[in-house]
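So you can see what is in the structure, the chains are spelled out below.
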Amino acid sequence: MDKREVTRREILLGGATAWGAAALSPLSLAQARSPKRARNVIFCVSDGMSAGVPTMVDHLSLTNRGRNSYWGWLMQQPFATNGLQDTRSLNSLVTDSSAASSAWGSGRHIWNGQVNMFPDGTKLATLAQLLHDKGVRVGLASTATITHATPAGFAVNCMSRDDEAAIAERYLADEAVDVLLGGGARFFDASSRKDKRDLTGEFARLGFEVCRSRGELLSSTNQRLLGLFASGHVPYTVDRQNSPQLNATVPTLAEMTGIAIDRLSSGSDGFVLQVEGARIDHGAHSNDLAAALYDQMEFEEAVKIAVDFAQKDGQTLVVVTSDHGNGNPGLNGAGAEYIDSTAGLLLVNNMRASYGELFAKIPQRFTATQLQDAVKEWLGIELTAAEADAVVAAGGGASPFKESIFYRSLNATLAVILGNHTKVTWTSTNHTSDHVLVTAIGPGREAFAGLTQNTSMFDIILAAKGLKHSNPTMTFEQAKPLYEKWKSGGDEWETAHWL
């Protein structure tokens, strides 16, 4: 083991090595966080992944196939460094995705909802901008809209993460990203943009090959790509796998990752690629177990593509982590001697639809019988009449948990009821403050041992490429009145999203 590496056991037990690191001098700490040079960096993000998600995926893999999940296997390898990451934002211990990715993208804590900007309009230099200026090729691949908070946080500046049309414009204007693969066609197409601007055509004129389907992506040849595979987010994995049409036309995240690596590898100064399994977060927001776990499985397939490349290449740093937890799902002890827990989790094997697809198959004002039939057919679970009645009540705004801000929604109520069968429960439909897992391999992996601040990722990635940059700083006390002024809509903030 490298002398600077802290094991997971020491992190959990507070052993001498872990605690001793806290006594290092500032110089020693800086040296410990200074990675070896890497030609390439692949930064893999399981968005909204609480620790229970990869845990359950690992348990499913062990039970179904007799071997660990890919990430579970990777964490046990001697060539991997494991640690944790703190995830707070500028204004809260609980971050959103834009502030989280902006912490990586600019090295500064950002107010939730903003992208590499402070509330006074200060623009921070981003990883993509700094790297591209040095000849490093940059790529983004996501199962969300490619203009969503996490990919945007690596690359652009915007006062509001919700202004995805403006984020699409920034990608074009900055020309700092060479490969963009994901959903979000409506933010690029003239027919769906309010200003009727044809951004796809403008990207094509800059030399980008525009791909709209899995087939077009796999047959593409250009070194600069704009892949838009859905109007909004890319479909959940569980829905794609159970739809022959989607399976044929929508690329997997692993396929996007492989193509992105292939195209970015042509640069003489290396590349940096962010790969986001975005819909794990969306599944967690809905307390949708199948949506979250199947997308985590697909994310880990993409991680394998990245690690396989890195091991052959020998010059690539791969970081696998999350931006924050979400919903904190976990398998609970149930039955005598907890004998029912394993069988409960294995019900995931029979699930063939996300909640969105499930509810799309029944009337908006559904009956208990209609719900029971749909849940049996698509989730493989037989609800009792009383359980179905509870979900029907939630659909009509009268959830049995209506006094709870965390459990009163339709999806949360359904998840509570399904928990009777799966033995999996959730703490909320919101993000959480817990530290998230980090695994790193390749040159500079030692920098990720122990507990890493999210803002430190910026410095580590730049240092891996032999670069350094320090953005302006702002405290919560300084930012709060500025944010309130911006939110109040003063005249000077009319164009605050900064185009």
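Residues numbered from 1 in each chain as written. Predicted model: local features only at pLDDT ≥ 70, side-chain atom pairs only at ≥ 80, totals over all residues. Heavy atoms only, no water.

(A) Structural context of the overall build of the chain. Counting its regular elements, the chain contains 23 helices and 14 strands. With the C-alpha coordinates of the chain rotated into their principal frame, the extents come out at 65 × 60 × 50 Å. Within the chain, the fraction of its 499 residues that count as buried is 57%. Of the contacts formed within the chain by residues at least 6 apart in sequence, a portion of 74% connects residues at least 24 apart. Carbon and sulfur atoms provide 52% of the accessible area of the chain, an area that totals close to 20000 Å². With 44 positive and 53 negative side-chain charges, the chain shows a spacing of 4 Å between the two charge centroids. (Helix = DSSP H or I, 4+ residues; strand = E, 2+ residues; numbered from the N terminus. Buried < 20%, exposed > 50% of the residue type's maximum accessible area, 1.4 Å probe, protein only. Contact = heavy atoms within 4.5 Å. Areas by Shrake-Rupley, 256 points an atom, 1.4 Å probe, with all protein chains shown as cover. Lys, Arg positive; Asp, Glu negative; His and termini not counted. Charge placed at Lys NZ, Arg CZ, Asp CG, Glu CD.)

(B) Structural context of helix H4 (residues 52-65). Across its 14 residues, H4 extends 19 Å between first and last C-alpha, which sits within 8% of the 20 Å expected from 1.5 Å per residue. Inspection of H4 places Gly-52, Val-53, Pro-54, Met-56, Val-57, Asp-58, Leu-60 and Ser-61 among the buried residues, and these make up the whole buried set. Looking one or two residues past H4, Gly-66 carries a phi angle of roughly 75°, positive in sign. (Expected span 1.5 Å × (residues − 1).)

(C) The packing of aromatic side chains, seen in detail. All told, the structure shown has twelve aromatic pairs when counted by the stated rule. Their ring planes at 65° and their centres at 4.8 Å tell us that Phe-43 and Trp-104 sit as a pair that is edge-to-face. Pair noted here: Phe-43 is in strand S1 (residues 40-46) and Trp-104 is in helix H6 (residues 97-106), with a separation of 61 residues, a long-range link. Relative accessible area serves as the criterion here: at 0%, Phe-43 is assigned to the buried category. Measuring from ring centre to ring centre gives 5.6 Å for Tyr-483 and Trp-486, while their planes differ by 50°; the resulting arrangement is tilted. Highlighted residues: Tyr-483 and Trp-486, both in helix H23 (residues 476-488), separated by three residues, approximately one helical turn. The class of Tyr-483 is buried, set by a relative accessible area of 16%. (Phe/Tyr/Trp six-rings, centres within 6.5 Å; stacked < 30°, edge-to-face > 60°.)

(D) Structural detail: the nonpolar core. Membership of the largest hydrophobic core comes to 75 residues, with the highest contact counts inside it found for Ile-42, Cys-44, Leu-181, Leu-293, Val-318 and Leu-371. At twelve residues, helix H16 (residues 289-313) tops the list of elements feeding residues into this core. Of all hydrophobic cores here, the second largest spans 49 residues; its members include Trp-104, Ala-125, Val-138 and Ala-440. (Core = buried A, V, L, I, M, F, W, Y, C linked by side-chain atoms within 4.5 Å.)

(E) Broad picture of the sheet that holds strand S6 (residues 225-228). If you trace the ten strands from one edge of the open sheet to the other, you get S5-S6-S4-S3-S7-S1-S8-S13-S2-S14, paired in mixed fashion. Edge positions in the sheet fall to strand S5 (209-211) and strand S14 (450-453), since each has one partner strand and no second. Taken over all neighbouring pairs, the strand axes of this sheet differ in orientation by 15° on average, direction set aside. As judged from the six bridges shared by S1 and strand S7 (residues 271-277), these two strands associate in the parallel manner. The residue of S7 that forms the bridge with Phe-43 is Gln-274. Along the sheet face, H16 touches S1, strand S3 (137-145), S7, strand S8 (316-321) and strand S13 (436-441) and points at about 165° away from the line of S1. (Pairing = 2+ DSSP bridges. Axes fitted to C-alpha atoms, helices over the stretch in contact; angles between N-to-C directions.)

(F) Quick peek at helix H22 (residues 456-464). Within H22, seven of the nine residues are buried, which leaves the element mostly enclosed by the surrounding structure. Inspection of H22 places Met-457, Phe-458, Ile-460, Ile-461, Leu-462, Ala-463 and Ala-464 among the buried residues, and these make up the whole buried set. Looking one or two residues past H22, Gly-466 carries a phi angle of roughly 75°, positive in sign.

(G) Structural view of the packing of helix H20 (residues 385-395) against helix H21 (residues 410-422). Packing of H20 against H21 brings their axes to within 8 Å, and their N-to-C directions diverge by 170°. Considering the angle they form, H20 stands roughly antiparallel to H21. Along its contact with H20, which presents Glu-387, Ala-390, Val-391, Ala-394 and Gly-395, the element H21 presents Leu-410, Thr-413, Leu-414, Ile-417, Asn-420 and His-421. Taken together, the residues that form the contact of H20 with H21 break down as six nonpolar, four polar and one charged. (Parallel < 35°, antiparallel > 145°, perpendicular 65-115°, else oblique. Nonpolar A, V, L, I, M, F, W, Y, C, P; charged D, E, K, R; others polar.)

(H) Representation of the environment of Leu-371 in the model. Within the secondary structure, Leu-371 is located in helix H19 (residues 368-379). For Leu-371 and His-132, which are 239 residues apart along the polypeptide, the C-alpha to C-alpha distance reads 52 Å. Aside from chain neighbours lying at most four places away, what touches Leu-371 is Phe-359, Ile-362, Phe-366, Leu-383, Ala-388 and Val-391.

(I) Spatial organisation of the side chain of Arg-137. Within the element layout of this structure, Arg-137 appears in strand S3. There is a polar contact of 2.5 Å between the side chain of Arg-137 and the backbone oxygen of Arg-263. Apart from residues lying up to four places away in sequence, Arg-137 is in contact with Asp-178, Gln-223, Arg-224, Arg-263, Leu-264, Ser-266, Gly-267, Gly-270, Phe-271 and Val-272. (Polar contact = N/O pair within 3.5 Å; in protein donor to acceptor, adjacent residues only side chain to side chain.)

(J) Summary view of the environment of Thr-452. Tracing the backbone shows Thr-452 in strand S14. Take Thr-452: its relative accessible area is 0%, and that puts it in the buried class.

(K) Examining the side chain of Arg-161 more closely. Inspection of the secondary structure assignment puts Arg-161 in the loop between helix H8 (149-153) and helix H9 (164-174). On the basis of relative accessible area, Arg-161 is assigned to the buried category, the value being 19%. Reaching out from Arg-161, the side chain makes a polar contact with the side chain of Asp-96 at a distance of 3.0 Å. Excluding residues that lie within four positions of it along the chain, Arg-161 makes contacts with Asp-96, Ser-97, Ser-98, Gly-113, Val-115, His-148, Ala-149 and Ile-167.

(L) Quick peek at the pattern of salt bridges. Counting across every chain of the model gives 15 salt bridges. Asp-195 is the salt-bridge partner of Arg-193, the closest N and O atoms lying 2.8 Å from each other. Assessed through its relative accessible area of 3%, Arg-193 is described here as buried. Its relative accessible area of 43% is what places Asp-195 among the partly exposed residues. (Salt bridge = Lys/Arg side-chain N within 4 Å of Asp/Glu carboxyl O.)

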